[in-house]
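Summary of the model geometry
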Amino acid sequence: MENPFEFVQWLRSVAPYIHAFRGKTFVVAFPGELVSAGALPVLAHDLSLLNALDINVVIVHGSRPQVAEQLALRNVEGRFHNGLRITDTAAMECAKEAAGELRLDIEAAFSQGLPNTPMAHAAIRIISGNFVTARPLGVIDGVDHELTGMVRKIAAETIHGILATDSLVLLSPLGFSPTGEIFNLTMEDVAVSAAVELHADKLIFITETPMMQDAAGVDIRELSSHQAEAVMQAGFLPPEQTYYLQNAVKACNSGVDRAHIVPFAMDGSALLELFTHDGVGTMISHENLESLRKATVEDVGGIIKLIEPLEADGTLVKRGRELIEREIDNFSVIDHDGVIFGCAALYPFPQEKMAEMACLTVNPEVQAQGDGERILRHMENRARAAGLTKLFVLTTRTSHWFQKRGFVPATVDALPKDRQKMYNWQRKSQVLVKTL
């Protein structure tokens, strides 16, 4: 931050997320590649910060490269079927050794007390145990997967009890049967099962894969589960990204509110994904997160926060809270995951079949993404639905923007008679009219 104003703006921008996430449960899963890349200490700091913000964190780690390394040391060749490891006795010994080493490394990372980091003077406790019950995967396509298994049950009640003590919970890709057998699991299966059974608010995959892009090379920031299924069917994603996306969709379709696929290559990617509007990864939800709708009384606070800076610099006419509450039925808002990012108001003059669109505002953080045009189209549709034929605006700063979208300059005489009486000659706002 180069100046105090930037810091204040930044703090205000993240405050709604901090408030929304307090007391929520996040399952954070990462592959063994993250540890191999040396990114574990940074991730531990970031997850400790989430814990300090009163977010319940369950961690699931993978171990594929570590198991492969152990097999190579023993001169044992790994066997796979459809990308899934066939775990024989030798491979299981390697999986157990890799899981044990990773558990110690993760516990060590969370035990650091480094100054000038989120870990400074913190006493973070991370608890692991036999929280995953598993069963054998069995024979698929005539291939016996031996000790490769799948999750049967997560000890959700026990895990919730641990989270209530402000401790983190660590799950490994190993599960246990009631008869004492150990099964090798995929990190993704454990993560999805944990998120579903814990009724987690978010499942976050911190991945070795880059940012997802569509067939045209454009970053994919957000998908509904239905859109994600269409993307997978199109077949342009690499296999690794498709696998993560399959598991994210499975979680969302099973009741998890949000799933995120976030590359670990960027420093602090988990925090950037969670605490910024656009994030740095791909977010999947069961339904589309963003809605453009008529406002309700519950939106008044978000509208005021949005328009206050423009009222302060004179771009908008000042409106008190009581006035907005009285006129809330005139407003429409863009609501993204519970945060208001845009608004406008429509004031009809039925006798002249005209309406004034006022207070068109979009959060500066997300401008240039087309939200202003979306709100404009929405307000035009509202006006048409009310049987109105013309829309007008009064503006001192943005006449060029409106003219590019079909509005033409007019005089005060073109306004409805009642609106002419309220025209503020001191502001000398430009009048622009559009025929619907």
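Before reading further, recall that the structure is shown in the block above.
Here we summarise the structure given alongside this text. (Residues numbered from 1 in each chain as written. Predicted model: local features only at pLDDT ≥ 70, side-chain atom pairs only at ≥ 80, totals over all residues. Heavy atoms only, no water.)

In this section: the nonpolar core. Formed by 53 residues in total, the largest nonpolar core has its most connected members in Phe30, Leu50, Ile59, Phe110 and Ile206. Broken down by element, this core gets its largest block of residues, five residues, from helix H3 (residues 40-52). Not counting chain neighbours up to four residues away, the residues in contact with Ile59 comprise Val28, Phe30, Leu47, Phe110, Ile126, Leu168, Val169, Leu170 and Leu171. Counting residues in hydrophobic clusters, the runner-up holds 43 residues, among them Phe183, Val192, Ala195 and Val256. (Core = buried A, V, L, I, M, F, W, Y, C linked by side-chain atoms within 4.5 Å. Buried < 20%, exposed > 50% of the residue type's maximum accessible area, 1.4 Å probe, protein only. Helix = DSSP H or I, 4+ residues; strand = E, 2+ residues; numbered from the N terminus. Contact = heavy atoms within 4.5 Å.)

The strand order S5-S10-S2-S1-S13-S15-S16-S14 describes an open sheet built from eight strands, whose pairing is mixed. The open sheet has two edge strands with one neighbour each: strand S5 (126-128) and strand S14 (222-224). Taken over all neighbouring pairs, the strand axes of this sheet differ in orientation by 20° on average, direction set aside. Bridge count for strand S15 (residues 258-263) against strand S16 (residues 282-285) is four bridges, and the pairing is antiparallel. Residue Ala259 lies in a different strand from S16, and its bridge partner there is Ile284. With respect to the sheet, helix H5 (residues 89-110) is in contact with strand S1 (25-30), strand S2 (56-61), S5 and strand S10 (168-171), its orientation differing from that of S5 by roughly 160°. Strands S1, S2, S5 and S10 of the sheet are contacted by helix H6 (residues 156-163), whose axis makes an angle of about 140° with S10. (Pairing = 2+ DSSP bridges. Axes fitted to C-alpha atoms, helices over the stretch in contact; angles between N-to-C directions.)

Bringing a nonpolar patch on the surface into the picture now. On the surface, Phe7, Val8, Trp10 and Leu11 cluster together to form a nonpolar patch covering roughly 340 Å² of accessible area. As for its position among the elements, Phe7 is in helix H1 (residues 4-21). Owing to a relative accessible area of 39%, Phe7 belongs among the partly exposed residues under this scheme. (Patch = residues over 30% accessible without salt bridge, like charges linked within 9 Å, V, L, I, M, F, W, Y side chains within 5 Å. Areas by Shrake-Rupley, 256 points an atom, 1.4 Å probe, with all protein chains shown as cover. Salt bridge = Lys/Arg side-chain N within 4 Å of Asp/Glu carboxyl O.)

Taken as a whole and judged by the stated rule, the model has one cavity of 30 Å³ or more. Of the voids in this model, the largest cavity is the one considered here, and its volume is about 30 Å³. What lines the largest cavity is Leu71, Val76, Glu77, Gly78, Arg79, Ile86, Asp88 and Ala91. Per-class residue counts for the lining of the largest cavity are four nonpolar, one polar and three charged. (1 Å grid on protein atoms, 1.4 Å probe; cavity = no way out; pocket = protein on both sides within 12 Å on 5 of 7 lines; lining within 4 Å. Points joined across faces, edges and corners; volume = space filled by probe spheres on them. Nonpolar A, V, L, I, M, F, W, Y, C, P; charged D, E, K, R; others polar.)

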